[in-house]
Amino acid sequence: MKKSQKLALFAIILSMIILGCTTKKNPVSTSGNTGPQPHSITIRDTADFGNFYSYEDTTKNYANNAILTLGQYTVNGEPIESRVLLRYASLPDTVPDIIQDATITMLVENNQNDYVVDDFQLFQIAQYWKENEVTWTVSDSLEWAAPGGDFSMEPVSFTSSIDEDTLSVSLDASVISNWIESDSLNFGLIFVTSQTDAFVEFASAESGHDHATELTFKYRSEAETEFSTFTLSATSDASINSSVPSESAFDNQLLLANLSPTSMVLNVALDQSVFPDSIITSIEDYNRMGIVRAELFLHFDDSQPSYSNSNYFFAQPYLIKTADPAIPISTDDIAPINSYVDTDTLNAGYFAIDITDIVDGVTSGQFENHGILIKPGYPGKDFSFSHFYGPDAEEGKRPYIKIIYIPPYNFNR
């Protein structure tokens, strides 16, 4: 077959495929342009909302955290202290005769309330710890000798300097020599501060920034005249904090926080009665309608303190499937519905959370509705928190839910 004939045949086949795709109808939901059209409802009346509350959960390590937080800060009346741990393994196998200019550089990401960046103490950690498991109370699978870390009471001597957004900590050469000579006892350093109501966030080794948590020193033997330079980012780094979960819920409060990890619960009517009875005429219609989009809108309460280290806020919604669940709410009381961490800008004054799958799970009859649980997007990561107005707030500030839905198609028409 000639090339021109092949091209012509290909064009004919492609045209048939395109025409076939564009003339198909979807008999499940509509019949061409005559099928049911999307409708929208907004649930905002105070009467449609029940009790609401927040509660604190147990603090866990935020694995591979991109920031390291040092300082003390108050969240919802709870003063929380945060400390930074660094360890440098993979050092030279033998101790050089001469070591000098040993420096750790730390990149400052955020500074809250004018924290004095170089005002802290350094201590040698006395117990093994694991980066993604260490907390205020445990080093890995073992508890610390004392909460907050097991470390020598003798501070490490150092000098420091600040150059724009970089903290440089100069160590005595003996610190490095001891780490190399007693490698099995090299558990690193802990940063401890007494500053209150202020903190600094450093970039961690996982942040991807150059010079974050970087150790550099020069070394040579007695026989050498030229120095070599050794450079290494922290092989393990972490923040630990003193947050303690509350033993009871905060009634009539909507608070979302990464530290202490604080979740909130909203009870809202999603039954057939909230949909127009002229459109959803039966329980069969209610169960068979299609939920196109459902969003929960929460307004930030600017009259309350808050903090975020970015221009965005993060949350993850869940459907509670058990009546009156115990606090803290366990995974056994949460419906197995896919949910995702939602992101929204802080500048809009409200936070929109996608709850499409949650509403669909209720209207389809698959799950009972015992409330919507909203957990922080990154629990344990940082001091980010915010208060939201509840259903008892004045109109315009209350939470509301907007649902776009399509009534089921009546095949008998």
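Going by the structure above, here's the rest.
This text gives an overview of the structure that appears in the document. Keep in mind the model is a prediction, meaning the values are calculated, not measured. (Residues numbered from 1 in each chain as written. Predicted model: local features only at pLDDT ≥ 70, side-chain atom pairs only at ≥ 80, totals over all residues. Heavy atoms only, no water.)

**Let's talk about the overall build of the chain**
And step 1. For the chain, the count of helices and strands is 4 helices and 23 strands.
And step 2. For 413 residues, the compact-globule formula gives about 22 Å, and the C-alpha radius of gyration of the chain, at 29 Å, lies well above that figure.
And step 3. Along the first, second and third principal axes, the C-alpha set of the chain runs to 95 × 75 × 40 Å.
And step 4. Here the chain holds 413 residues, and 47% of them are scored as buried.
And step 5. Across the chain, every contact between residues at least 6 apart in sequence was considered, and the portion connecting residues at least 24 apart equals 81%.
And step 6. Per element, the accessible surface of the chain, about 20700 Å² overall, is 48% carbon and sulfur.
And step 7. Charge separation in the chain, taken as the distance between the mean sites of 21 positive and 56 negative side-chain charges, equals 19 Å. (Helix = DSSP H or I, 4+ residues; strand = E, 2+ residues; numbered from the N terminus. Rg over C-alpha atoms; globule rule 2.2 N^0.38 Å. Buried < 20%, exposed > 50% of the residue type's maximum accessible area, 1.4 Å probe, protein only. Contact = heavy atoms within 4.5 Å. Areas by Shrake-Rupley, 256 points an atom, 1.4 Å probe, with all protein chains shown as cover. Lys, Arg positive; Asp, Glu negative; His and termini not counted. Charge placed at Lys NZ, Arg CZ, Asp CG, Glu CD.)

**Section: the pairing of strand β17 (residues 290-299)**
And step 1. For β17, the tally of buried residues reaches 7 of 10 residues, placing the bulk of the element in the interior.
And step 2. With 7 bridges connecting them, β17 and strand β23 (residues 400-406) associate as antiparallel partners. What sits directly across from Glu295, in β23, is Lys402.
And step 3. Both β17 and strand β20 (residues 350-354) contribute to a ladder of 5 bridges, which runs antiparallel. (Pairing = 2+ DSSP bridges.)

**Considering the sheet that holds β23**
And step 1. Strand order across the open sheet formed by 4 strands is β1-β23-β17-β20, with antiparallel pairing between neighbours. Edge positions in the open sheet fall to β1 (39-43) and β20, since each of these has one partner strand only. Direction aside, neighbouring strands of the sheet carry axes that sit 20 degrees apart on average.
And step 2. Strand contacts of helix α4 (residues 356-363): β17, β20 and β23, with the helix running at about 125 degrees to β17, the strand carrying the most contacts. (Axes fitted to C-alpha atoms, helices over the stretch in contact; angles between N-to-C directions.)

**Thoughts on α4**
And step 1. Of all 8 residues that make up α4, 6 are buried, and the element is covered over most of its length.
And step 2. Residues of α4 that are buried: Thr356, Ile358, Val359, Gly361, Val362 and Thr363.
And step 3. Residues of α4 that are buried sit in contact with α3 (283-288), β17, β18 (312-319), β20, β21 (372-376) and β23.
And step 4. Positive backbone phi, at 85 degrees, marks Gly365, one or two positions downstream of α4.

**Here's the deal with unusual backbone geometry**
And step 1. Between Leu259 and Ser260 the backbone carries a cis peptide bond, its omega angle lying at -25 degrees.
And step 2. Residue Ile327 is joined to Pro328 through a cis peptide bond whose omega torsion reads 0 degrees.
And step 3. Inspection of the secondary structure puts Pro328 in the loop between β18 and β19 (342-345).
And step 4. Although it is not a glycine, Asp114 adopts a positive phi angle of roughly 55 degrees.
And step 5. With respect to the element layout, Asp114 can be found in the loop between β5 (98-112) and β6 (121-124).
And step 6. Within the chain, Asp324 stands out as a residue other than glycine whose phi angle is a positive 50 degrees.

**Focus: the packing of aromatic side chains**
Any two aromatic rings considered together are summarised by their centre-to-centre distance and by the angle between their planes.
And step 1. Scanning all chains against the criterion turns up 23 aromatic pairs.
And step 2. With centroids separated by 4.7 Å and ring planes inclined at 10 degrees, the aromatic side chains of Phe297 and Tyr400 adopt a geometry described as stacked. Of this pair, Phe297 sits in strand β17 while Tyr400 sits in strand β23, and the two are 103 residues apart along the sequence.
And step 3. In this structure Phe297 comes out as buried when scored by relative accessible area, which is 9%.
And step 4. Since its relative accessible area comes to 17%, Tyr400 is described here as buried.
And step 5. One aromatic cluster in this structure is built from Tyr73, Phe199, Tyr307 and Phe383.
And step 6. The positively charged end of Arg44 is found above the aromatic ring belonging to Tyr400, 4.5 Å away from the centroid.
And step 7. Seen from the ring of Tyr378, Lys381 lies directly overhead, with NZ or CZ sitting 5.1 Å from the centre. (Phe/Tyr/Trp six-rings, centres within 6.5 Å; stacked < 30°, edge-to-face > 60°. Lys NZ or Arg CZ within 6 Å of the ring centre and 35° of its normal.)

**A few points about a negative patch on the surface**
And step 1. Residues Glu109, Asp163, Glu164 and Asp165 make up a contiguous surface patch of negative charge.
And step 2. Examined against the element boundaries, Asp163 turns out to sit in strand β7 (residues 158-163).
And step 3. A residue is classified by how much of its surface remains accessible, and Asp163, at 55% relative accessible area, is exposed. (Patch = residues over 30% accessible without salt bridge, like charges linked within 9 Å, V, L, I, M, F, W, Y side chains within 5 Å. Salt bridge = Lys/Arg side-chain N within 4 Å of Asp/Glu carboxyl O.)

**Quick word on the side chain of Ser204**
And step 1. On the secondary structure map, Ser204 appears in the loop between β10 (198-203) and β11 (214-220).
And step 2. Of note is the side chain of Ser204, whose polar atom sits 2.6 Å from the backbone oxygen of Asn65.
And step 3. What Ser204 contacts, discounting residues up to four positions off in sequence, is Asn65, Ala66, Ile67, Leu68, Ala212, Thr213 and Asp237. (Polar contact = N/O pair within 3.5 Å; in protein donor to acceptor, adjacent residues only side chain to side chain.)

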